[in-house]
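# Observations on the three-dimensional arrangement
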Amino acid sequence: TYTITIINVKDLVGNQISPPNNTDQYEYSSSLSEGINLELKVFLDGPYINNSMSTDLSNNSLVPFNQPYSGSPWNYYGNETVSGIPQNSVDWILLELRTNTSASSMISRRAAFLRSDGIIVDLNGNNQITFPGVQTGSYYVVVYHRNHLAIMTKTALQLSESSSFYDFTNSQNKAYGTQPMKSLGGGNYGLYSADGNANGNVNNSDNSSVWRPENGSVGYKKGDFDLNGGVTIVDKNEKWKLNKGKISYVPTN
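About the cut-offs
- Residues numbered from 1 in each chain as written.
- Predicted model: local features only at pLDDT ≥ 70, side-chain atom pairs only at ≥ 80, totals over all residues.
- Heavy atoms only, no water.
- Buried < 20%, exposed > 50% of the residue type's maximum accessible area, 1.4 Å probe, protein only.
- Helix = DSSP H or I, 4+ residues; strand = E, 2+ residues; numbered from the N terminus.
- Arc of directions from axis to C-beta.
- Contact = heavy atoms within 4.5 Å.
- Phe/Tyr/Trp six-rings, centres within 6.5 Å; stacked < 30°, edge-to-face > 60°.
- Lys NZ or Arg CZ within 6 Å of the ring centre and 35° of its normal.

## Some words on helix H2 (residues 204-214)
Looking only at H2, the buried set comprises Asp 206, Asn 207, Val 210, Trp 211 and Glu 214. Seen from one end, H2 has its buried residues packed into an arc of 125 degrees, which puts them on one side. H2 presents Ser 209 and Pro 213 as exposed residues on the side facing more than 90 degrees away from its buried surface. Contacts from the buried residues of H2 go to helix H3 (233-243). Trailing H2 by a residue or two, Gly 216 shows a phi angle of about 95 degrees, which is positive.

Written as C-alpha cells, this is what we have:
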C-alpha cells in the first residue's frame, strides 16, 4: 500500500485548492502473473536413433556453457549460462513465444536444453521451462536449433503456470506449415537437419559455405549435421543430400 501526497493543487483557472496538500492511499498489484511454464517434446533429425537422440556432443564436453544463439539470424542476447551441462543433454535449443504467427508478435525468448528423450529442460534439468513475467494466455511456440529447420506449433497454445504437455514428435500436424517436420520412422517426427547457415532453407549454400570448409574438423560445428562432434562425409550424404530443398514454415516477418 502506497501513500501519495500532491502539493499545491490548483483548479483549471489557477486558483489554489484548500488545503494545499491532498493525500490519498492506493494499493498496487502487477498486471503480470508470476510467469508461465512450458513442457515440450521435440526430436532432431540429425542425432535421432531409435526413439532417442545421441548425446555425443555433451559426452565429449563439446556443448558450450553459454547459450549459442547470440549471432545472426537469432540475435538473442539472453544470459543463460551453466556451470555444467544437464545430464543426457543433446544440445542447446532456443524457444520463442508469439501472440500470433508473425515474427513481429514475439514477446519472449529463452534458451534451454534438449534431452536425449526429446524433452526440453531448463538450465537446472527441470522439464518445465519458465518464462518469468509472461501473462497467462494463448501463444504460438517456436523451436529453433542452430543447424536444423525451425518449427512452430500448429495453433496457439493456452499457456499458464500449469501448461499442458505438448508433444511435437507424434504427428506431422503438431507443427505449422505443409509437412514441416521429417518422418523419422515409427510414427515419430522431428526437425530437418542440415540448415547449416540457419537461413530456413536446406540448399547448396549449406554444403558449400558451411559443410565443405568444416569437413574433417572436430568440435561444436555448424556443419556437424548429425551432432556427433565431427564434420564428415556422412553429414553431407546422409543429412544434407536427403534434406536438400526442405524449408522452415516459421514466418520470419
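## Examining the packing of aromatic side chains
Following the criterion strictly, the structure yields 4 aromatic pairs and no others. Relative to Phe 113, the ring of Trp 92 lies with its centre 4.0 Å away and its plane at 35 degrees, an arrangement referred to as tilted. Residue Trp 92 is found in strand S7 (residues 89-98), and its partner Phe 113 is found in strand S8 (residues 106-115); the two are separated by 21 residues along the sequence. The class of Trp 92 is buried, set by a relative accessible area of 0%. Judged by its relative accessible area of 0%, Phe 113 is buried. Taking 5.1 Å as the distance between ring centres and 80 degrees as the angle between the ring planes, the aromatic pair formed by Tyr 166 and Phe 168 counts as edge-to-face. This pair shows no difference in class: Tyr 166 is buried, exactly as Phe 168 is. For the cation-ring pair, Arg 146 lies above Tyr 220, with the distance from its terminal atom to the ring centre recorded as 3.6 Å. When the ring centre of Tyr 166 is taken as origin, the NZ or CZ atom of Lys 174, which lies over that ring, is 5.1 Å away.

In short, the description is geometric, and any link to function would need to be established separately.
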